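Below are the chains, spelled out letter by letter.
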Amino acid sequence: MGPHPAVAAIRLAVRRVLHDILNDHQTPAEQIPHERPPSPLVLVACSGGADSMALASALAFEAPKLGIRAGGITVDHGLQPGSDLRAEEVVLRLRELGLDPVESTAVTVGREGGPEAAARDARYAALDAAAQRHGAAAILLGHTRDDQAETVLLGLARGSGIRSLSGMAAVSGAGGRYRRPFLELDRQTARRACMVQSLPVWDDPHNADPAYTRSRLRHEGLPALEKALGKGVVEALARTAQLSRDDADALDAWAGQAEASVRDAAGLLECAKLYALPPAVRRRILRRAAIEAGAPAGSLFARHIEEVDRLITGWRGQGAINLPGKVVARRQGGRLVIRQG
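Not measured: the values here are computed from a predicted model.

Student: Give me the overall build of the protein: which residues, what numbers.
Tutor: Within the protein, the regular secondary structure consists of 12 helices and 10 strands. Projected onto the principal axes, the alpha-carbon positions of the protein cover approximately 70 × 60 × 40 Å. By the burial criterion, 44% of the 341 residues in the protein qualify as buried. Excluding contacts between residues fewer than 6 apart, the proportion of contacts in the protein whose partners are at least 24 apart in sequence is 68%. Carbon together with sulfur atoms contributes 53% to the accessible area of the protein, which is approximately 17700 Å² in total.

Encoded structure:
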């Protein structure tokens, strides 16, 4: 008798990603006869919740069969009393699954961008440091299809354009470091897999706290949409994310190719040539130029780029546009100058 369907589903998703990691990190040494290839290390980022515990158990089961070393890391954000003790419990659970190395790392969460964004930034910085410290080939994240649907709706509410609607990528980070095996699985599948395997899970009270935007969306917004539109909203939003990502990737590639053609010999952007481009391509070039000048990507919103775009499409002699990061955009002699002011 095979494993429970939920367990089989999470293991299959992880197995596919591990095969991808092996292919992506293949080295010439692996082509040399009698030469034993190095065994890559894959870490799982685990909060102790159902999604990440299901992911950890699947990794512990699948990795040894492929000759992959499997470890885990939990991040203590220090935002709740006793968070250090819970992090220690997660470490013990990961070790009981047979993962090694396993560690807990504490972070200090700032305030920039709001509590959720600040916690996310601190968490990814800690995960990046852990990957470098251990020489990990990849870090697995437990984001599910439900998380993807929430991310799409949050992007829609911000009005940030098609890139926000594309949600989370299955592969992201430097060198494809972050992998999300569960983006096509729902949250209930992960929870069910934990139940049938008797895996203890911790439900973060922040996930039910209406003070957090994502929590309100999860417990109020999405249920209201499903009541109004019927079941299948989550699947439709996840499908929208993939379609949007394909479109956004194509437009980004177009903008990358077009950028050189709209710069003069000194490297300045020529307004007339920018004007001739489709708006979606032009605005991507403007956004990239602002980021290169020092504007933080996370603080640069669609409204900022629209104001800069008006220097090209609606020029009436207006003054400079102030952007995040003390970056200033102004039109001078038919050129668009974007630099820190």
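Student: Explain helix H8 (residues 213-229) to me, using residue names and the numbers behind them.
Tutor: Turn by turn, an α-helix covers 3.6 residues, leaving residues three or four places apart pointing in a common direction. Its axis deflected by about 30° at His219, H8 carries its strongest bend there, up to four residues before the proline Pro223. Among all positions in H8, only Ser215, Leu217, Arg218 and Leu222 are buried. In this fold, the buried residues of H8 make contact with helix H5 (145-158), helix H7 (187-196) and helix H9 (233-259).

Student: Describe the packing of aromatic side chains, listing the residues and the values that go with them.
Tutor: One pass over the structure, following the stated rule, counts 1 aromatic pair. Ring centres of Tyr124 and Tyr178 lie 5.1 Å apart, and the angle between their planes is 90°; on these two criteria the pair is classed as edge-to-face. Highlighted residues: Tyr124 in helix H4 (residues 115-134) and Tyr178 in strand E6 (residues 178-179), separated in sequence by 54 residues. Just as Tyr124 is buried, Tyr178 falls in that class too. Geometry around Phe61 places Arg11 over its ring, the cationic atom sitting 3.6 Å from the centre.

Student: Go over the sheet that holds E6 with me, naming the residues and quoting the values.
Tutor: If you walk across this open sheet you meet the 6 strands as E3-E2-E1-E4-E6-E5, and the pairing is mixed. The two strands at the open ends of the sheet, each matched to only one other strand, are strand E3 (102-106) and strand E5 (171-172). As paired elements, strand E2 (residues 69-76) and E3 share 5 bridges and run parallel to each other. Opposite Asp76, over in E3, you have Ala106 as the bridge partner. Sitting on the sheet, helix H2 (residues 50-62) touches strand E1 (41-45), E2 and strand E4 (138-140), and the angle it makes with E1 is about 160°.

Student: Before we move on, can you summarise the packing of helix H1 (residues 5-24) against H7 with the specific residues and values?
Tutor: For the pair H1 and H7, interaxial distance at closest approach is 8 Å and the crossing angle is 115°. In this structure, the crossing between H1 and H7 has a hand that is left-handed. On the side of H1, the interface is formed by Ala6, Val7, Ala9 and Ile10, while H7 contributes Thr189, Arg192, Ala193 and Val196. Of the residues contributing to the contact of H1 with H7, the split by class is 6 nonpolar, 1 polar and 1 charged.

Student: Which residues make up the nonpolar core, and what values go with them?
Tutor: Membership of the largest hydrophobic core comes to 36 residues, with the highest contact counts inside it found for Leu18, Ile21, Leu59, Leu99, Leu140 and Phe182. Counting only elements with at least two residues in this core, the list comes to H1, E1, H2, helix H3 (83-96), E4 and H7. Counting 25 residues, the second-largest nonpolar core is a separate cluster that includes Val262, Leu269, Ala329 and Ile338.

Student: Give me the pattern of salt bridges: which residues, what numbers.
Tutor: Under the criterion given, the structure shown has 26 salt bridges. Taking the shortest distance from any N to any O, the salt bridge between Arg282 and Asp309 comes out at 2.6 Å. Remark: Asp309 occurs in helix H12 (residues 302-313) and Arg282 occurs in helix H11 (residues 279-292); sequence separation between them is 27 residues. Across this residue pair, the class does not change: Arg282 and Asp309 are buried. Three or more residues are tied together by salt bridges with common partners; here these are Asp147, Glu150, Arg187, Arg214 and Arg218.

Rules of the game
- Residue positions are counted from 1 within each chain, in the order its sequence is given.
- The model is predicted, so local features are restricted to residues of pLDDT at least 70 and side-chain atom pairs to those at 80 or more, both for listing and for counting; the totals for chains, interfaces and linings are taken over all residues.
- Side-chain descriptors were evaluated using all non-hydrogen atoms of the structure, hydrogens and water having been removed beforehand.
- Here a helix means four or more residues in a row that DSSP labels H or I, a strand means two or more in a row labelled E, and each is numbered from the N terminus.
- We call a residue buried when its accessible area falls under 20% of the maximum for its residue type, exposed when it is over 50%, and partly exposed in between, using a 1.4 Å probe and counting protein chains only.
- Any two residues having at least one pair of non-hydrogen atoms within 4.5 Å are treated as being in contact.
- The accessible surface values rely on the Shrake-Rupley method and a 1.4 Å probe; as for residues, cover is taken only from the protein chains in view.
- The angle between axes fitted to the seven residues ending at a residue and the seven residues starting there is what we call the bend at that residue.
- Two aromatic rings from Phe, Tyr or Trp, using only the six-membered ring of Trp, form a pair when their centres are within 6.5 Å; if the ring planes differ by under 30 degrees the pair is stacked, by over 60 it is edge-to-face, and anything between is tilted.
- By the criterion adopted, a ring carries a charge over it if an Arg CZ or a Lys NZ lies within 6 Å of its centre and within 35 degrees of its normal.
- When DSSP finds two or more bridges between a pair of strands, those strands are recorded as paired.
- Axis geometry follows a simple rule: fit a line to the C-alpha atoms, using only the stretch in contact for helices, then measure angles between N-to-C directions, giving values from 0 to 180 degrees.
- Should the near helix be turned anticlockwise from the far one by less than a right angle, the crossing is left-handed, and should it be turned clockwise, the crossing is right-handed.
- Here the term charged refers only to Asp, Glu, Lys and Arg, the term nonpolar to Ala, Val, Leu, Ile, Met, Phe, Trp, Tyr, Cys and Pro, and the term polar to all other amino acids, Gly among them.
- Residue types Ala, Val, Leu, Ile, Met, Phe, Trp, Tyr and Cys, when buried and joined through side-chain atoms within 4.5 Å, form a set referred to as a nonpolar core.
- By convention in these notes, a salt bridge is any Lys or Arg side-chain nitrogen within 4 Å of a carboxyl oxygen on Asp or Glu.

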